[in-house]
Amino acid sequence: MVQQAPRLERHLTSPQLSRNQAKTIVGLAAFFCFANSFDGDFVFDDSEAIVNNKDLKPETPLGNIWENDFWGSNLSSNSSHKSYRPLTVLTFRFNYLLAGRLNPVGFHVLNIALHCVISILMIDVFAILIGGLVYDGKGKRLNQAPKASFLAALLFAVHPVHTESVAGIVGRADLLSALFFQLSFLSYCRSFQGSDDKFSLSWIFSSLILCSAAMLCKEQGITVLGINATFDILMICKVNISDMTKKLLHKGQLKEGSELLRRGFLTRMGLLTMGGSSLLYMRWRIMGTGPPAFTEVDNPASFSDNILVRTVNYNYYYSLNAWLLLCPWWLCFDWSMGCIPLIVSVIDWRIISVVVLWICLIGLGNQALNSGDNSTRRVLTFGLALLVIPFLPASNLFFRVGFVIAERVLYLSCAGYCIIVTYGISTLCQKCRKYKRLLCTSLLCLFGLNMIRCIIRSGEWRSEEQLFRSALSVCPLNAKVHYNVGKNLADRGNQTSAIRYYREAIRLNPRYVHAMNNLGNILKERNELSEAEELLSTAVNIQPDFAAAWMNLGIVQNSLKRFQAAEQSYWNAIKYRKKYPDCYYNLGRLYADLNRHVDALNAWRNATMLKPNHSLAWNNMVILLDNTGNLAQAEIIGKEALKQLPSDHTIMFSLANVLGKLEKYKDSESLFLTALQLNPNGANYHGNLAQNHTRSAAMLTAPQP
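Residues numbered from 1 in each chain as written. Predicted model: local features only at pLDDT ≥ 70, side-chain atom pairs only at ≥ 80, totals over all residues. Heavy atoms only, no water.

## Points about the overall build of the protein
The helix and strand tally for the protein stands at 32 helices and two strands. Based on the C-alpha atoms only, the size of the protein along its principal axes is roughly 120 × 60 × 50 Å. Burial status across the protein gives 53% buried among its 705 residues. Taking all contacts inside the protein whose residues are at least 6 apart in sequence as the whole, residues at least 24 apart take part in 67%. Surface accessibility of the protein: about 32600 Å² in total, with carbon and sulfur atoms responsible for 59%. Put simply, the protein has 68 plus and 50 minus side-chain charges, and the middle of one group is 9 Å from the middle of the other. (Helix = DSSP H or I, 4+ residues; strand = E, 2+ residues; numbered from the N terminus. Buried < 20%, exposed > 50% of the residue type's maximum accessible area, 1.4 Å probe, protein only. Contact = heavy atoms within 4.5 Å. Areas by Shrake-Rupley, 256 points an atom, 1.4 Å probe, with all protein chains shown as cover. Lys, Arg positive; Asp, Glu negative; His and termini not counted. Charge placed at Lys NZ, Arg CZ, Asp CG, Glu CD.)

Structure (structure tokens):
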């Protein structure tokens with residue numbers, strides 16, 4: 001299987017490196033670009049996918065990973081995101097077990113290592129796509145385009161658009177999917193070792209298995225079947241699409257048909273089609289209740305009733321994705337919630353970018369189809385295929401997606417972009433031979449700028465504060481950006497600044513119920529109860545099933561002495577979230593204030609049944625029973641609580657008081673002393689212990705009847 005080296009390889013002026021040298025340089029470049037993210041925190045989506053995901057914990061049955069989505073929710077639930085990525089979750093669980101806890105360093109190190117491996121493997125992928133599938137007499141695959149494949153792989157390794165996938169731990173899904181994508185493609189190529197006419201079924205089945213693994217890491221992995229089919233058509237069958245189309249149109253028949261049959265093309269396409277169909281069918285069955293439900297703020301264009309508006313805006317999104325590949329300077333963790341206003345008028349200047357995008361794509365497509373050079377046609381076609389096909393699941397063409405733009409979905413598409421850029425650099429080297437030194441200098445500057453941008457951007461992903469603030473200049477109209485900055489400030493105790501950002505988020509999106517809820521909570525703590533009630537009431541009117549807002553509204557109404565309204569709000573919260581221990585706890589506090597002691601005890605008991613380690617609910621039950629004279633029952637509840645929370649000094653203190661009143665002074669003293677060991681600064685602990693000693697001494701010195 002001998003093919004001539006492509007023209008672009010001959011015109012490139014990059015140095016000729018050995019295979020190992022090229023891979024070492026690419027791997028090191030990939031490492032240095034993102035190495036400074038290794039000790040970053042869990043940020044943004046990491047909280048839900050990792051920190052709060054029970055599937056990572058050793059005590060959770062391993063089988064749960066295959067029943068739950070990426071975020072740990074059951075796939076049959078209507079609230080599930082339907083992101084089925086069990087292999088990715090398995091690697092998260094591996095990181096957890098390796099460290100014995102949630103240590104972000106191990107997670108980041110593995111992400112960086114995966115990107116280095118993928119970048120190195122890109123040399124082999126690009127060598128085939130650019131230089132062709134060539135073997136020597138011993139069956140060893142040769143690299144016919146060492147300079148071009150090295151250049152393209154280096155461009156891929158240092159592209160800043162990868163930062164979200166590498167520095168963000170949830171980007172592990174994109175990295176693993178890309179790795180199995182590459183392995184599936186290379187396995188498919190391996191099936192043709194030594195001959196165009198014969199192929200190995202075992203390697204094709206291996207490719208399908210690896211495709212399945214890619215899809216179990218992230219749904220985008222199935223697109224490798226499209227790349228394999230494109231490779232088969234262009235590289236193995238050597239089909240000239242333009243010539244074939246002309247023959248079909250003018251002669252109505254195709255002489256090459258029998259040749260394709262002889263090469264086994266239809267057999268291979270049948271296997272790819274059946275494999276892909278089976279994977280899609282299983283994926284649909286796994287989704288259970290159907291596709292996930294997204295809101296208008298997630299992807300506003302997809303909710304437009306006007307098909308023209310949808311089409312124009314989808315194409316505008318494509319142009320922005322292309323711009324991120326071309327100029328990855330303005331990067332943002334989230335592009336939703338008004339970050340990109342809809343195009344609703346034909347005089348909107350942004351339509352120009354759509355026109356420019358399609359002029360470029362049509363120009364490249366025309367060159368790919370009609371170029372007189374076989375290698376040029378092949379390289380550009382592969383570049384466009386690798387640019388477009390992996391992006392299709394995020395294009396809104398087949399189903400609605402839950403985002404406007406997501407930099408992570410460009411991880412694989414960037415490989416196609418790098419092939420096209422490498423072709424462009426080669427063309428410039430050919431046509432501007434007098435300025436090759438200037439071109440080399442410019443190329444070095446491009447690599448340098450990209451590496452600097454990667455280092456800066458991966459540094460911004462080290463903490464939520466830096467990440468959220470970096471988005472303010474990129475997407476100032478994004479309500480979610482202001483919300484996240486406000487939430488981060490509130491978590492660090494800066495309520496005054498947090499209020500400002502929450503108000504701005506609500507101004508930008510007047511229906512932003514989560515911002516209303518958080519702002520209402522802060523105002524409640526600052527005793528600005530009237531505005532807090534107004535905000536929370538607005539939130540539940542906009543979203544009646546917002547259980548947390550109902551509970552917080554109940555707390556505010558309780559503080560305003562509007563007990564009946566507060567009780568109703570609590571029950572509304574429980575109506576929409578059946579298992580809500582905190583709401584039962586607050587409902588118990590309301591009943592205690594109203595001297596409805598039995599109702600209070602029942603509410604707190606419900607809280608502890610739903611959450612056995614609910615310290616406040618246990619403690620309040622003990623205190624209430626103590627205050628009402630039910631000391632025996634208080635003792636029983638207190639001992640039951642300590643079985644669940646053996647190191648809780650507040651429960652020890654309350655139970656010690658009860659035991660003292662029951663004249664069980666030794667047991668009481670023991671609990672007081674243990675509580676003091678856990679909380680040495682508890683002044684009331686010392687006082688009650690002294691009182692217990694006094695009672696005990698009085699008991700001992702009292703005259704016997």
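Alright, that's what it looks like, and here's the rest.
## Things to note about the UniProt feature "repeat: TPR" (unreviewed entry) in the protein
Within this numbering scheme, the UniProt entry marks residues 479-512, 513-546, 581-614 and 649-682 as carrying the feature "repeat: TPR" (unreviewed entry). With 79% helix and 0% strand, the stretch residues 479-512 has end C-alpha atoms that lie 8 Å from each other. Helix makes up 79% of residues 513-546 and strand 0%, whereas the separation of the span's terminal C-alpha atoms amounts to 8 Å. (UniProt positions renumbered as here; feature names shortened; annotations may be inferred.)

## Re the pattern of salt bridges
Under the counting rule described, the total for this entry stands at 23 salt bridges. The partner of Arg19 in a salt bridge is Asp124, and the shortest N-O contact between them spans 3.4 Å. Within this pair, whereas Arg19 is found in helix H2 (residues 19-34), its partner Asp124 is found in helix H5 (residues 104-131), the two being separated by 105 residues in sequence. On the accessibility criterion, Arg19 (47% relative accessible area) is partly exposed. Residue Asp124 is classed as buried on the basis of its relative accessible area of 7%. The salt bridge partner of Arg85 is Glu219, with a shortest N-O separation of 3.2 Å. In this pair, Arg85 sits in the loop between helix H3 (46-51) and helix H4 (86-99) while Glu219 sits in the loop between helix H9 (201-217) and helix H10 (224-236), placing the two residues 134 residues apart along the sequence. (Salt bridge = Lys/Arg side-chain N within 4 Å of Asp/Glu carboxyl O.)

## Concerning unusual backbone geometry
The phi torsion of most residues other than glycine is negative, and most of the peptide bonds are trans. Even without glycine at this site, Asn396 takes up a positive phi of about 70°. By the secondary structure assignment, Asn396 is in the loop between helix H16 (374-388) and helix H17 (413-431). Taking relative accessible area as the criterion, Asn396 reaches 9% and is therefore assigned buried. Even without glycine at this site, Asn595 takes up a positive phi of about 60°. In this structure, Asn595 sits in the loop between helix H26 (581-593) and helix H27 (597-610). With a relative accessible area of 58%, Asn595 lands in the exposed category.

## A short note on the nonpolar core
Counting 195 residues, the largest nonpolar core has Phe126, Leu133, Phe185, Phe231, Phe333 and Ile340 as its most contacted members. The element contributing the most residues to this core is H5, with twelve residues. Other than its neighbours up to four places away in sequence, Phe231 contacts Ile128, Leu133, Phe185, Tyr188, Cys189, Phe192, Ile236 and Phe382. Counting twelve residues, the second-largest nonpolar core is a separate cluster that includes Leu56, Phe70, Val89 and Phe92. (Core = buried A, V, L, I, M, F, W, Y, C linked by side-chain atoms within 4.5 Å.)

## Some words on a nonpolar patch on the surface
On the surface, Trp323, Leu326, Trp329 and Trp330 cluster together into a nonpolar patch covering about 480 Å² of accessible area. Relative to the helices and strands, Trp329 is located in the loop between helix H14 (307-326) and helix H15 (351-370). (Patch = residues over 30% accessible without salt bridge, like charges linked within 9 Å, V, L, I, M, F, W, Y side chains within 5 Å.)

## What about the environment of Lys524?
With respect to the helices and strands, Lys524 occurs in helix H22 (residues 513-525). For Lys524, a relative accessible area of 19% gives the class buried. Separated by 35 residues in the primary sequence, Lys524 and Ser559 place their C-alpha atoms 8.9 Å from one another.

## Description of the environment of Leu325
With respect to the element layout, Leu325 can be found in helix H14. With relative accessibility at 4%, the residue Leu325 sits in the buried group. Between the alpha carbons of Leu325 and His162 there is a distance of 9.9 Å; along the sequence they are 163 residues apart. Dropping the residues within four chain positions of it, Leu325 is found in contact with His159, Val161, Leu387, Leu410, Cys414 and Tyr417.

## Structural notes on the packing of helix H21 (residues 495-508) against H22
At a closest axis distance of 9 Å, the pairing of H21 and H22 adopts a crossing angle of 145°. H22 is crossed by H21, and the crossing has left-handed handedness. Across the interface between the two elements, Gln495, Ala498, Ile499, Tyr502, Arg503, Ala505 and Ile506 from H21 touch Ala515, Met516, Asn518, Leu519, Ile522, Leu523 and Glu525 from H22. In terms of residue class, the contact of H21 with H22 is built from ten nonpolar, two polar and two charged. (Axes fitted to C-alpha atoms, helices over the stretch in contact; angles between N-to-C directions. Left-handed = near helix turned anticlockwise from the far one by under 90°. Nonpolar A, V, L, I, M, F, W, Y, C, P; charged D, E, K, R; others polar.)

## Section: the environment of Ile425
Mapped onto the elements, Ile425 comes out in helix H17. The class for Ile425 is buried, based on a relative accessible area of 15%. In this structure the C-alpha to C-alpha distance between Ile425 and Cys440, which are 15 residues apart in sequence, comes to 9.6 Å. If we skip the residues at most four places from it in the chain, Ile425 touches Leu12, Leu151 and Leu443.

## Focus: empty space enclosed by the protein
Evaluated as defined, the whole model comprises two cavities of 30 Å³ or more. Its boundaries defined by the atoms lining it, the largest cavity holds a volume of some 60 Å³. Residue lining of the largest cavity: Tyr317, Tyr318, Asn321, Phe391, Ala394, Ser395, Asn396, Phe403, Val404, Ile405, Ala406 and Val409, and that is the complete set. Considering only enclosed or pocket space, the second largest cavity measures out at about 50 Å³ in volume. Contributing to the lining of the second largest cavity are Met122, Val125, Leu129, Phe181, Gln182, Phe185, Ile227, Leu386, Leu412 and Ala415. Only H5 and helix H8 (172-190) provide two or more residues apiece to the lining of the second largest cavity. Tallied by class, residues from the lining of the second largest cavity come to nine nonpolar, one polar and no charged. (1 Å grid on protein atoms, 1.4 Å probe; cavity = no way out; pocket = protein on both sides within 12 Å on 5 of 7 lines; lining within 4 Å. Points joined across faces, edges and corners; volume = space filled by probe spheres on them.)

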